[in-house]
Amino acid sequence: MSGKKTSQQKRSGLLTRVRPQVIIPVAFVLSLIAALTMLANSGAFDSSLRQKGKKGGTVSIQSLNANNPSKEYVYAGGRLVATEESGCGDGYYGLKFWNGSSPSLGHLTGHVDGSAWSGNVGVDPAGWLSYGPYDTTFGQGHHRAWFLLSIDNVTADSNIVASLDAVTGFGTILLGHRDVRRTDFVWPNQSQWFSVEFDDPCFGYLEARIYWQGNSNIKFSRLYVEKAPASGCGAGYSSVKLWNATSPSLGHLMGRQEGDAWSANPVADSAGWMSYGPYDGSFGQGHHTGWFLLSIDNNAGADFVVTLDVVTAFGTTVLAQRQVRRNEFTAPNQWQWFSVDFDNPCFGYLETRIFWNGTSYLKFLKVYVQRTPSI
């Protein structure tokens, strides 16, 4: 009995000594597995591998879609690095510009044309006339891209001639888009601004692109991008509005209708307001330009012949004014555009006015107003 008891005590003592020796290694293995799992989830191994990749890696650009110039990603050491974006902020607040043929812009169709880039029907295929510049300095907020374009024919039809957009994420994120029709151009072979409004979500590779439909001879002269904080007033109407001189939206205190124009001469008329109006309330806050199409019978001399201005609040607030001398007309009896730049404070009854000095035979054919970049 005592022998059995002694044997049991030995076995019990042996088990007591063995259990801690077994449990300690098992606990260590389990702890190691848990630690490795935590490291893997935290990305520590991935970070270590990245450091190795950086040391001996190479940088390459991979295109995922040959038909979309924006589907390009930059890799370093096998890792995608181009889409990494920094923290959001206000970024660059000024105006940046690029000429049409700038090396910062890419092209899949068309050809260089001085400092511009052009596409010709029958020579160049429809496609991406311009893309880029992949600028990363514009931060979070409201922005505006301006495209300076011209085409050869503005009356053939009303088809879309170009599509403008602003994108980020290498073309994967569309920020703003606008189709430009042939009839959106006021005259042929004259440069005209077209804008695209967009909200940039954060710092990224910003592109402003032009897709040309191949149905008109087109010239792209310049691209502007500016920070344009949206205010309570809003951007308002961003395209072109045009009024003929004889439009019922315009008033006259002197002169007379002459065909499609309005004219005044020193024999029949006294100095005064040749045109005013149209009291348009659709243009919002920001920079704009008013254009006046005029002609004069005699351009010899330096005297002031007409004063152009832009006003609001029924003439009580003058936004901008320009006096035109006789010799600013390049030739007699030829139509010529004169511009007045102004900053519209907010929505209001906008007027474009012509005060004739009464010393020349002057004709006025049309006026147009458009939102323009703050150059």
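Caption draft 1: A look at the overall build of the protein chain. A count of helical and extended segments in the protein chain gives two helices and 25 strands. When the 375 residues of the protein chain are sorted by exposure, 40% land in the buried category. For the protein chain, the proportion of contacts with a sequence separation of at least 24, taken over those separated by at least 6, is 74%. Summing over all exposed atoms, the protein chain offers an accessible surface of approximately 18,700 Å²; the carbon and sulfur share of this is 54%.

Caption draft 2: Structural view of the environment of Thr352. Note on placement: Thr352 falls in strand E24 (residues 350–356). Each C-alpha atom, one on Thr352 and one on Ser275, is 7.9 Å from the other, the two residues being 77 residues apart in sequence.

Caption draft 3: Just the pairing of strand E14 (residues 218–227), in detail. With respect to burial, E14 is a largely interior element, eight of its 10 residues being buried. Examined bridge by bridge, strand E4 (residues 95–99) and E14 share five bridges and lie antiparallel to one another. Residue pairing across strands places Leu95 opposite Glu226, the latter belonging to E14. Alignment of strand E6 (residues 116–119) against E14, held across three bridges, turns out to be antiparallel. Residue Gly119 lies in a different strand from E14, and its bridge partner there is Ile218. Across nine bridges, strand E9 (residues 141–151) lies against E14 in antiparallel orientation. Within the sheet, the bridge partner assigned to Leu149 lies in E14 and is Phe220.

Caption draft 4: Main features of the pattern of salt bridges. Per the counting criterion, the structure on display carries 11 salt bridges. Across the pair Lys363 and Glu258 runs a salt bridge, and its minimum N-O distance is 3.0 Å. Within this pair, whereas Lys363 is found in strand E25 (residues 362–371), its partner Glu258 is found in strand E16 (residues 256–258), the two being separated by 105 residues in sequence. For Lys363, a relative accessible area of 23% translates into the label partly exposed. Of the residues examined, Glu258 reaches a relative accessible area of 31% and is grouped as partly exposed.

Caption draft 5: Layout of a nonpolar patch on the surface. There is a patch of nonpolar side chains on the surface, built from Tyr279, Phe314 and Tyr349 and spanning about 350 Å² of accessible area. Assignment of secondary structure puts Phe314 in the loop between strand E21 (304–312) and strand E22 (317–325).

Caption draft 6: Representation of the environment of Asn327. Along the chain, the position of Asn327 falls in the loop between E22 and strand E23 (336–344). Along the backbone, Asn327 and Val305 are 22 residues apart, and their C-alpha atoms lie at a distance of 9.6 Å. Discounting chain neighbours no more than four positions away, the residues touching Asn327 are Asn299, Gly301 and Ala302.

Caption draft 7: Highlighting unusual backbone geometry. Put simply, Gly132 and Pro133 share a cis peptide bond, and its omega is 10°. Checked against the element boundaries, Pro133 lands in strand E8 (residues 133–135). A cis amide bond links Gly277 with the next residue in sequence, Pro278, at an omega value of 10°. Here Pro278 shows up in strand E19 (residues 278–280). Located in the positive-phi region is Phe170, a residue other than glycine, with phi close to 55°. In this structure, Phe170 sits in the loop between strand E10 (160–168) and strand E11 (173–181). At Asn189, a residue that is not glycine, the phi angle is positive and equals roughly 55°. Its place among the elements puts Asn189 in the loop between E11 and strand E12 (192–200). Assessed through its relative accessible area of 54%, Asn189 is described here as exposed.

Caption draft 8: Local environment of the packing of aromatic side chains. Scanning all chains against the criterion turns up 16 aromatic pairs. Between Trp146 and Trp193 the ring centres are 6.4 Å apart and the planes differ by 90°, which places this aromatic pair in the edge-to-face class. With Trp146 in strand E9 and Trp193 in strand E12, this residue pair connects regions lying 47 residues apart in the sequence. For the pair shown, Trp146 and Trp193 are each scored as buried.

Caption draft 9: Up close: the environment of Leu129. Relative to the elements of secondary structure, Leu129 occurs in strand E7 (residues 127–130). Separated by 82 residues in the primary sequence, Leu129 and Tyr211 have C-alpha atoms spaced 5.7 Å apart. Filtering out sequence-adjacent residues up to four positions away, Leu129 remains in contact with Gly106, His107, Thr109, Gly110, Trp117, Ser118, Gly119, Ile210, Trp212, Ile218 and Phe220.

Procedures and definitions
Residues numbered from 1 in each chain as written. Predicted model: local features only at pLDDT ≥ 70, side-chain atom pairs only at ≥ 80, totals over all residues. Heavy atoms only, no water. Helix = DSSP H or I, 4+ residues; strand = E, 2+ residues; numbered from the N terminus. Buried < 20%, exposed > 50% of the residue type's maximum accessible area, 1.4 Å probe, protein only. Contact = heavy atoms within 4.5 Å. Areas by Shrake-Rupley, 256 points an atom, 1.4 Å probe, with all protein chains shown as cover. Pairing = 2+ DSSP bridges. Salt bridge = Lys/Arg side-chain N within 4 Å of Asp/Glu carboxyl O. Patch = residues over 30% accessible without salt bridge, like charges linked within 9 Å, V, L, I, M, F, W, Y side chains within 5 Å. Phe/Tyr/Trp six-rings, centres within 6.5 Å; stacked < 30°, edge-to-face > 60°.

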